[in-house]
2 protein chains.
Amino acid sequence: MTKELRGKPVAKALLQQTEKTIEDLKKIDCYPTLAIVRVGDDESSVSYENAAIKTMQRAGIAVEPVIFKEETSSEEILQALDSLNKNTDIHGVLVMQPLPGTLSRNDVARCLDSNKDIDGLTPENLGRLVENDPIALFPSTPKAVMALLDFYDIEVEGKDVCVIGSSPVVGKPLTIMLLNREASVANVHIKTKDVKQYTRQADIVISATGAVELVTADYIKEGAVVVDVGFGYKDGKPVGDVKYDEVFAKASAVTPVPGGVGSITTAILAEQVAQAAWNQRSN
Amino acid sequence: MTKELRGKPVAKALLQQTEKTIEDLKKIDCYPTLAIVRVGDDESSVSYENAAIKTMQRAGIAVEPVIFKEETSSEEILQALDSLNKNTDIHGVLVMQPLPGTLSRNDVARCLDSNKDIDGLTPENLGRLVENDPIALFPSTPKAVMALLDFYDIEVEGKDVCVIGSSPVVGKPLTIMLLNREASVANVHIKTKDVKQYTRQADIVISATGAVELVTADYIKEGAVVVDVGFGYKDGKPVGDVKYDEVFAKASAVTPVPGGVGSITTAILAEQVAQAAWNQRSN
């Protein structure tokens, strides 16, 4: 029978672990605190922020919101980042995307202290990912995929894995994480001549494209594990990259959208606030 | 007819370009200088150092050798690195591998100023590779592979490329470079169930394993491009990962060993000393 790989139990287990780490830190007088920086009032940004705050509170992490009006200058925002870098009471900084105006994700990546970079966007942390450094801070979404596979005891070592999508935020770092775990990894994307040639030979297919219902039953082999990192809308309803019903009928396990990978990311962020606080303690 | 992809003309073209950049830098009173740090007298290390010095001189780059006895303490070597980091007359630092004693490649990567890291081993530079930052400094061997493909007008965008080997020095960074250029990339290795399944469907096969004559004609499809990054010995003669004669008969183009990728790396190092000096000028 096909298994539905739901994200909630994964997030719950991660949070329980993080709660313990936070308790240990408090015993040595370290009170993990996350600053959340948001510019403007983008609706999905605010709703993700609220979800993140709830998760942090459950884990015992204090949150300091740093909110700017949409018209704030880039200099002012970068100065605020600089103060947060220097503030030893702040252990992690999360900068909500998208940023309005001229400030890019890369500008933030250049200014944020890599020790507080709990969504793993700085070059330093991406490089430590390539080096397979276990205490570095990683991008939350690909790390959520790995946590999901681990939770459901899906072995990746030696498995044929196909990652669809090669964005710097998900596809590329996920490819590196899977290589670090000794999977054979094919990374395919919009320029690939024949995506199915790759996906059909894969034990695990992970799709992170945002192309609604791209992955049909035809894409996968019988019994494959299918992880859906996409998010979009069809007829007003949220859907992912995977045509769920027909893929479910052929696969051995599939993540739902919503309720799959997306419901794990804030727990990963909390885990990484704890990791960041821990790393800062030992410095 | 199968083409032999020799490294020498690639190195020559790269050096001519670098010479021009160095001349431009000298016009603005910047005299690019490379410090080469070597510990002990490992024979292959010394011979590579000599080749590097010759290439630098041809490009107009000054070289300062910093030689330590094998029994030198790690602290002393790291202190020397620190001085080189601070010395504004030094634009690049190359630390010869292997390092004897307890000092690892990662220790060096943690101490070297990423702006002077002309062999792209620091986390900062590896992360900027993931970000696809054009002015970052990259690991020389995978960059040499890309330079070779470019020189011989072998398009990678949209091509099916298989990289064999996933070391942090060659296989993994090469996979990222190819993804940055929009190739479809499969990275396979010792844990892969069926390497041939991947190599046989590839337009370009790049082998970086060090397993002598691993890649036989049976591994590749008719007309494939085969790049050999391996180096080893068989019956006292230097050979690569590729069983040359039989692969040559089936491929459209193959790199020889010796005389292929290996003969490009010092030209890449020179190019990156120029890039490093240029980046330091504009800072």
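Rules and cut-offs
- Residues numbered from 1 in each chain as written.
- Chains lettered and ligands numbered in written order.
- Predicted model: local features only at pLDDT ≥ 70, side-chain atom pairs only at ≥ 80, totals over all residues.
- Heavy atoms only, no water.
- UniProt positions renumbered as here; feature names shortened; annotations may be inferred.
- Patch = residues over 30% accessible without salt bridge, like charges linked within 9 Å, V, L, I, M, F, W, Y side chains within 5 Å.
- Areas by Shrake-Rupley, 256 points an atom, 1.4 Å probe, with all protein chains shown as cover.
- Salt bridge = Lys/Arg side-chain N within 4 Å of Asp/Glu carboxyl O.
- Lys, Arg positive; Asp, Glu negative; His and termini not counted.
- Charge placed at Lys NZ, Arg CZ, Asp CG, Glu CD.
- Helix = DSSP H or I, 4+ residues; strand = E, 2+ residues; numbered from the N terminus.
- Domains from an automatic or database assignment.
- Phe/Tyr/Trp six-rings, centres within 6.5 Å; stacked < 30°, edge-to-face > 60°.
- Buried < 20%, exposed > 50% of the residue type's maximum accessible area, 1.4 Å probe, protein only.
- Polar contact = N/O pair within 3.5 Å; in protein donor to acceptor, adjacent residues only side chain to side chain.
- Contact = heavy atoms within 4.5 Å.
- Pairing = 2+ DSSP bridges.
- Axes fitted to C-alpha atoms, helices over the stretch in contact; angles between N-to-C directions.

As recorded in an unreviewed UniProt entry, chain A goes by the name Bifunctional protein FolD, listed as coming from Alkalibacterium olivapovliticus. According to UniProt, the comment filed for chain A under the heading Function (unreviewed entry) is "Catalyzes the oxidation of 5,10-methylenetetrahydrofolate to 5,10-methenyltetrahydrofolate and then the hydrolysis of 5,10-methenyltetrahydrofolate to 10-formyltetrahydrofolate." Regarding chain A, the relevant UniProt record gives this comment under Sequence similarities (unreviewed entry): "Belongs to the tetrahydrofolate dehydrogenase/cyclohydrolase family."

Chemist: How do you make sense of a negative patch on the surface when you look at a structure like this?
Modeler: Taken together, the side chains of A:Asp42, A:Glu43, A:Glu70 and A:Glu71 make up a negatively charged region of the molecular surface. Structurally, A:Glu71 can be placed in the loop between strand S3 (62-68) and helix H3 (74-86).

Chemist: Explain the domain arrangement of chain A here, please?
Modeler: Where interface size is quoted, it is often the accessible area lost as the parts come together. For chain A, the domain assignment lists domain 1 (29-113) and domain 2 (140-263). Domain 1 of chain A and domain 2 of chain A are separated by 29 Å when their C-alpha centres are compared.

Chemist: Where do I start with the packing of aromatic side chains in this structure?
Modeler: Remark: the centre distance and the inter-plane angle together describe each pair of aromatic rings, the angle taken between the planes. A complete count under the given rule lists 6 aromatic pairs over all chains for this structure. Judged by centre distance (4.9 Å) and plane angle (85 degrees), the rings of A:Phe151 and A:Tyr152 are edge-to-face. Since its relative accessible area comes to 36%, A:Phe151 is described here as partly exposed. Residue A:Tyr152 is classed as buried on the basis of its relative accessible area of 14%. Centre to centre, the rings of B:Phe231 and B:Tyr233 are 5.5 Å apart; their planes meet at 85 degrees, and the pair counts as edge-to-face.

Chemist: Please explain the side chain of A:Thr255 as it appears in this structure.
Modeler: All names here are of chain A. On the secondary structure map, Thr255 appears in the loop between strand S11 (253-254) and helix H10 (265-282). A distance of 2.8 Å separates the side chain of Thr255 from the backbone nitrogen of Asp228, its partner in a polar contact. The contact partners of Thr255, leaving out residues within four places of it in the chain, are Leu5, Leu148, Val226, Val227, Asp228, Tyr244 and Gly260.

Chemist: Any chance you could explain unusual backbone geometry here in plain terms?
Modeler: When glycine is set aside, most residues are seen to have a negative phi, and most peptide bonds are trans. Omega for the bond connecting A:Gln97 with A:Pro98 falls within 30 degrees of zero, at -5 degrees, which places this linkage in the cis form. Along the chain, A:Pro98 turns up in the loop between strand S4 (92-95) and helix H4 (105-111). Of note, B:Glu213 is a non-glycine position whose phi angle comes to about 55 degrees, a positive value. By the secondary structure assignment, B:Glu213 is in the loop between strand S7 (204-207) and strand S8 (225-228).

Chemist: Would you take a moment to explain the sheet that holds strand S5 (residues 160-164) of chain B for this structure?
Modeler: Strand pairing in a sheet relies on backbone hydrogen bonds. The paired strands run either parallel or antiparallel. Pairing is mixed in the open sheet, where 12 strands are placed in the order S1(A)-S11(A)-S8(A)-S7(A)-S5(A)-S6(A)-S6(B)-S5(B)-S7(B)-S8(B)-S11(B)-S1(B). For this open sheet the edge positions go to strand S1 (3-4) of chain A together with strand S1 (3-4) of chain B, each flanked by a neighbour on one side alone. Of the strand pairs in this sheet, strand S5 (residues 160-164) of chain A and strand S7 (residues 204-207) of chain A are connected by 4 bridges, and their pairing is parallel. For A:Cys162, the partnering residue across the bridge sits in S7(A) and is A:Val205. Along the sheet, helix H7 (residues 171-180) of chain B contacts strand S6 (184-188) of chain A together with S5, strand S6 (184-188) and S7 of chain B; its crossing angle with S6(B), the most-contacted strand, is approximately 170 degrees.

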